[in-house]
Amino acid sequence: MKQEFSENLLSPLPVVLVGALVDNHPNYLVIGYIAPFDFGKYIFFSLYKKRYTRSGIHQNKTFSVNIPSESLLAETRICGSKSGREVDKGALFDNFYGELKTAPMIRQCALNMECEVSEILDYDPNEGIIGKVIKSYADPECLTDGKLDMRKAHPILFAIGGDYNFYRLGDRIS
Ligand SMILES: Cc1cc2nc3c(=O)[nH]c(=O)nc-3n(C[C@H](O)[C@H](O)[C@H](O)COP(=O)(O)O)c2cc1C
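Notes on the structure in this doc start here.

Definitions and limits used
- Residues numbered from 1 in each chain as written.
- Predicted model: local features only at pLDDT ≥ 70, side-chain atom pairs only at ≥ 80, totals over all residues.
- Heavy atoms only, no water.
- Helix = DSSP H or I, 4+ residues; strand = E, 2+ residues; numbered from the N terminus.
- Rg over C-alpha atoms; globule rule 2.2 N^0.38 Å.
- Buried < 20%, exposed > 50% of the residue type's maximum accessible area, 1.4 Å probe, protein only.
- Contact = heavy atoms within 4.5 Å.
- Areas by Shrake-Rupley, 256 points an atom, 1.4 Å probe, with all protein chains shown as cover.
- Lys, Arg positive; Asp, Glu negative; His and termini not counted.
- Charge placed at Lys NZ, Arg CZ, Asp CG, Glu CD.
- Pairing = 2+ DSSP bridges.

1. What about the overall build of the protein chain?
From N to C terminus, the protein chain includes three helices and 14 strands. Taken against the 2.2 N^0.38 rule, which gives 16 Å for 174 residues, the C-alpha radius of gyration of the protein chain at 16 Å falls within 12% of a compact globule. Over its C-alpha atoms, taken along the principal directions, the protein chain stretches across nearly 50 × 45 × 35 Å. Residue burial in the protein chain is summarised as follows: out of 174 residues, 40% are buried. Of the contacts made within the protein chain by residues no fewer than 6 positions apart, 60% connect residues no fewer than 24 positions apart. Total accessible area on the protein chain is roughly 10,200 Å²; 53% of this is exposed by carbon and sulfur atoms. Here the protein chain holds 20 positive side-chain charges and 22 negative ones, and the gap between their average locations is 1 Å.

The following block contains the structure:
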């Protein structure tokens, strides 16, 4: 007999730090519910309307997605528990900007993407944010023979569906 669950079991997903300029100051929050679609051209994630980062996404219609490595676990915990209303989370990192100019990215994260908002879906009390990936950036240390090697990025994986823990990526099997 299968054990039944009421929760979504699509898991694990990478923990990301989504960045936006709120009143011209960089702010980041942890997003655990995120997915690529249209073969990766777009990114979709779920954002509570009460999040401070939301106002920056609405102000500029841009955001960034930064993939923190395990070495950034402490900073990630702060970004996932403190609001930009109370803590200057932009000051935790070295921020840089790409083509869009209004999507702050984190130099300490191995992988970064800058995105332009293409649609916002109202799923009160959440919003579904859809962004087009405009450009992506990777640290050279994450490459093997010029190709991206995810093992070198040491992403933090977030399990949902009851097992709310962080994991690391395992070995390549194929
Ligand atoms: C593992 C993890 C996953 C999270 N996923 C989401 C999410 O998908 N959507 C969301 O709105 N908040 C999510 N949060 C909560 C926000 O990151 C957190 O409330 C943050 O402090 C909000 O910051 P802000 O108010 O500066 O935007 C998550 C937190 C953690 C620790």
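2. Side note on the pairing of strand S6 (residues 62-67)
Within a regular strand, the side chains alternate between the two sheet faces. Within S6, six of the six residues are buried, which leaves it mostly tucked inside the rest of the structure. Strand direction decides the pairing type here: strand S2 (residues 16-22) and S6, joined by three bridges, are antiparallel. Bridge assignment links Val-18 to a residue of S6, and that residue is Val-65. As defined by bridge partners, S6 adjoins strand S9 (residues 111-123) across six bridges and the pair is classed as antiparallel. For Val-65, the partnering residue across the bridge sits in S9 and is Met-113.

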